[in-house]
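Listed below, chain by chain, are the residues.
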Protein chains: 6
Amino acid sequence: MNEQVKEFREYREAMNEKLLAGDNKVIKRIFNLDTNTYMEGALSTKVKEMLGLVSSMVLRCDDCIKYHLEKCQEQGITNDEMMEIFAVANLVGGTIVIPHTRRAIEYWEIINQEA
Amino acid sequence: MNEQVKEFREYREAMNEKLLAGDNKVIKRIFNLDTNTYMEGALSTKVKEMLGLVSSMVLRCDDCIKYHLEKCQEQGITNDEMMEIFAVANLVGGTIVIPHTRRAIEYWEIINQEA
Amino acid sequence: MNEQVKEFREYREAMNEKLLAGDNKVIKRIFNLDTNTYMEGALSTKVKEMLGLVSSMVLRCDDCIKYHLEKCQEQGITNDEMMEIFAVANLVGGTIVIPHTRRAIEYWEIINQEA
Amino acid sequence: MNEQVKEFREYREAMNEKLLAGDNKVIKRIFNLDTNTYMEGALSTKVKEMLGLVSSMVLRCDDCIKYHLEKCQEQGITNDEMMEIFAVANLVGGTIVIPHTRRAIEYWEIINQEA
Amino acid sequence: MNEQVKEFREYREAMNEKLLAGDNKVIKRIFNLDTNTYMEGALSTKVKEMLGLVSSMVLRCDDCIKYHLEKCQEQGITNDEMMEIFAVANLVGGTIVIPHTRRAIEYWEIINQEA
Amino acid sequence: MNEQVKEFREYREAMNEKLLAGDNKVIKRIFNLDTNTYMEGALSTKVKEMLGLVSSMVLRCDDCIKYHLEKCQEQGITNDEMMEIFAVANLVGGTIVIPHTRRAIEYWEIINQEA
């Protein structure tokens, strides 16, 4: 597995464990909600993951972007679709989203090569 | 037409005109881009309008939310679908999105009654 | 009751009802969490309400600020304590927090006169 | 004087007084700093007011925008210059800055007519 | 001393020195204010540091979070209290705060082991 | 060339290429606009680069800050002028801008030594 992907996933998992070990009800329930929100519903998981990704981009959270890129890849989102998500994010959020889009395209390529 | 909708649209149009009358190339092109971004492409306009809406919600821009609610309504987005967009926005963006969601649900109801 | 307070509370309650009537599980659970988070725990409700207020101020959400000001008033927070919360918010968040602090001081005075 | 301008200035002044009456040293010093920062220095007040305005625009604070528009008007900033400040703000900050730019152009016109 | 802690502190100190060497009055006074704001007053330093931490978390500034975690540790804040601060931050600020909370729990553990 | 500068420029260029290779019209036009916005006009490029820098600082985008620092250096902005831009950014945006200012002063020194 690519080193960047491996590192991201391992750190994420290890720290989530630490956080949940803190045994705080609110934090646990936020983590549960995070899983439930993206489940199939009136909207498909595919669409919801796109919503999660674009939100992460305009809010400029690199780790959230990586996470949703992985989910989008699992949902079979194509390269052209991804470019249009990037376009909305950069239009609405402005050029300050560009550096995050650079890191996003790098990660998007890596996880598509892995697949 | 409902007073809130009318006022929003008229003010929006009048001020856009003033802005474009300033004859600044960059501003004009941003306005053009704003139209082009949401056109049918690899992703449907319907999906793109959802992306625009959720971005506006997490960035907490009431006028942008109203605008995309109108576009979502034109695209035939159902009430259940809208609730799931609201859910993603409030999960990702946190409870500070709630007051904007209150104003969104009010406007969403109004424009659906108008239709 | 003061007109501004009355309007704020009534609109808030009416729109929360509409939102919850949408019957979306995620939204309902976020609302529940919102109540549970501020309950007595390792930290007192008083301290947690201050945390909620300062967060709302630096994120510049006027309605969230009003809500937490009401809760802080119920918790017996004094005027001097409030000024110090304002100070942290304006230092950390910068002068763009000042207009929100102006609206906060107005509301804080009103709800203290009501009490 | 135009009603919108009058209301903005009077509310601002009245609430600043209330805030300063709270007699909190940190808040007082932030207010002082706010005055000193824009004084003539290595950069002219004119340039600094433009910096203050564009910062307020990308951070989307309407009251801060109004305040700096007034200061820019006092500094003799022309309409074409203002349009270019708007352009930078909307490019860097994205289309979520547009609604704030609509309110800015309205206020900018009013204060120029007053002058 | 732990490498991450050492690096953070040394870089912070070295760059603060460079910044203050720039001999700009406004910057110097902001640095002074930053110290004064968290002093004992109507609110204890302990509570103020919690306010500073939660503000840094919802604004998602990793270095600010580290700084306030150190101060909170000096103030004897317990693990359970810290979890409740994390809970407020993640509820108010949304799931985009989670990656910052992961880095926070890592740093919190390190500085508690150092102590 | 300094390693940090080299790395920043190479990564930026390589990823911009990847992004543009995606052949999305909106993204291409945003990149074009980004160039046009800072050209000489009613305002000089020098002033516009300062506007771009201060916007990037209050929005806390380190890569955007580096980019505009390079442009400001090319425009002959002095150290004292830079300190005053930093002052406005830290006043308006608050102390959460300080860590970004620390990284800015480091990069500013490096590119001035290179020159």
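Scroll up a little and you will see the structure.
Residues numbered from 1 in each chain as written. Chains lettered and ligands numbered in written order. Predicted model: local features only at pLDDT ≥ 70, side-chain atom pairs only at ≥ 80, totals over all residues. Heavy atoms only, no water.

**A closer look at unusual backbone geometry**
Working step 1: Backbone geometry places Arg 60 of chain C, a non-glycine residue, at a positive phi of 60°.
Working step 2: Tracing the backbone through its elements, the reader meets Arg 60 of chain C in the loop between helix H3 (45-58) and helix H4 (62-74). (Helix = DSSP H or I, 4+ residues; strand = E, 2+ residues; numbered from the N terminus.)

**Some remarks on the relation of the copies chain E and chain C**
Working step 1: Between chain E and chain C, which share one sequence, the superposing operator has a rotation angle of 180° and an axial displacement of 0.0 Å; the RMSD is 0.0 Å. Taken together, these values place the two copies in the relation of a two-fold axis.
Working step 2: Looking at the interface residues of chain E, 100% of them are also at the interface in chain C, so both copies use one shared face. (Least-squares fit on C-alpha atoms with pLDDT ≥ 70 in both. Contact = heavy atoms within 4.5 Å.)

**Quick notes on the packing of helix H1 (residues 3-21) of chain D against helix H4 (residues 62-74) of chain D**
Residues and elements named next belong to chain D.
Working step 1: Taken N-terminus to C-terminus, the directions of H1 and H4 make an angle of 110°; their axes are 12 Å apart at the nearest point. In this view, H1 runs roughly perpendicular relative to H4, as classed from their interaxial angle. Where H1 approaches H4, its residues Gln 4, Val 5, Phe 8, Arg 9 and Arg 12 are matched on the opposing element by Asp 63, Lys 66, Tyr 67 and Glu 70.
Working step 2: The residue inventory of the contact of H1 with H4, partitioned by class, reads 3 nonpolar, 1 polar and 5 charged. (Axes fitted to C-alpha atoms, helices over the stretch in contact; angles between N-to-C directions. Parallel < 35°, antiparallel > 145°, perpendicular 65-115°, else oblique. Nonpolar A, V, L, I, M, F, W, Y, C, P; charged D, E, K, R; others polar.)

**Describing the interface of chain E and chain C**
Working step 1: The partner chain C presents 24 residues to the 24 residues of chain E that form the contact.
Working step 2: In this assembly, chain E packs against chain C so that about 2200 Å² is buried in total across both faces, 79% of it on carbon and sulfur atoms.
Working step 3: At the junction of chain E and chain C, the tally comes to 2 salt bridges.
Working step 4: Taken together, the connections running from chain E to chain C amount to 6 residue pairs in polar contact (both at pLDDT 80 or more).
Working step 5: Of all the secondary-structure elements, those providing two or more residues to the side of chain E that touches chain C are helix H2 (25-37), helix H3 (45-58) and helix H5 (79-93) of chain E.
Working step 6: In terms of residue class, the side of chain E that touches chain C is built from 15 nonpolar, 4 polar and 5 charged. (Buried area = accessible area lost by both parts, 1.4 Å probe. Salt bridge = Lys/Arg side-chain N within 4 Å of Asp/Glu carboxyl O. Polar contact = N/O pair within 3.5 Å; in protein donor to acceptor, adjacent residues only side chain to side chain.)

**A short note on the packing of aromatic side chains**
All names here are of chain B.
Working step 1: All told, the structure shown has 6 aromatic pairs over all chains when counted by the stated rule.
Working step 2: Ring plane angle 80° and centroid distance 5.9 Å describe the contact between Phe 8 and Tyr 107, whose orientation is recorded as edge-to-face. In this pair, Phe 8 is assigned in helix H1 (residues 3-21) and Tyr 107 in helix H6 (residues 98-114), connecting sequence segments 99 residues apart. (Phe/Tyr/Trp six-rings, centres within 6.5 Å; stacked < 30°, edge-to-face > 60°.)

**Brief notes about the side chain of Glu 84 of chain A**
Working step 1: Topologically, Glu 84 of chain A is positioned in helix H5 (residues 79-93).
Working step 2: Classification of Glu 84 of chain A by relative accessible area gives buried; the value is 12%.
Working step 3: Engagement of the side chain of Glu 84 of chain A in a polar contact is seen with the side chain of Lys 48 of chain B, the distance being 3.0 Å. (Buried < 20%, exposed > 50% of the residue type's maximum accessible area, 1.4 Å probe, protein only.)

**Thoughts on the interface of chain D and chain F**
Often, the extent of an interface is quoted as the loss of accessible area upon association of its parts.
Working step 1: The partner chain F presents 24 residues to the 24 residues of chain D that form the contact.
Working step 2: Regarding the contact of chain D and chain F, the summed buried area is about 2200 Å², with carbon and sulfur atoms giving 79% of it.
Working step 3: Broken down residue by residue, the surface that chain D buries against chain F is led by Leu 51, Glu 84 and Leu 91 of chain D, which jointly contribute 25%.
Working step 4: Of the charged contacts, one joins Lys 48 of chain F and Glu 84 of chain D as a salt bridge, the two residues approaching to 3.0 Å between their closest N and O atoms.
Working step 5: Across the contact surface, chain D and chain F share 6 residue pairs in polar contact (both at pLDDT 80 or more).
Working step 6: Contributing elements (two or more residues each) for the side of chain D that touches chain F: helix H2 (25-37), helix H3 (45-58) and helix H5 (79-93) of chain D.
Working step 7: Across the side of chain D that touches chain F, the residue classes tally to 15 nonpolar, 4 polar and 5 charged.

**What about the pattern of salt bridges?**
Working step 1: Going through the model one piece at a time under the given rule, you end up with 54 salt bridges over all chains.
Working step 2: Lys 6 of chain B serves as the salt-bridge partner of Glu 10 of chain B, at 3.9 Å between the closest nitrogen and oxygen. With Glu 10 of chain B and Lys 6 of chain B both in helix H1 and 4 residues apart, the pair spans about one turn of that helix.
Working step 3: The salt bridge involving Asp 63 of chain B is made with Arg 103 of chain D; its shortest N-O contact spans 3.1 Å. You can see Asp 63 of chain B sitting in helix H4 (residues 62-74) and its partner Arg 103 of chain D sitting in helix H6 (residues 98-114), one on each of two chains.
Working step 4: Residue Arg 103 of chain D is classed as partly exposed on the basis of its relative accessible area, which comes to 26%.

**Re the environment of Ile 85 of chain E**
Working step 1: Take Ile 85 of chain E: it is sitting in helix H5.
Working step 2: Overall, the relative accessible area of 0% leaves Ile 85 of chain E in the buried class.
Working step 3: Leave out the neighbours within four places in its chain, and Ile 85 of chain E touches Leu 43 and Leu 51 of chain C together with Met 50, Leu 53 and Val 54 of chain E.

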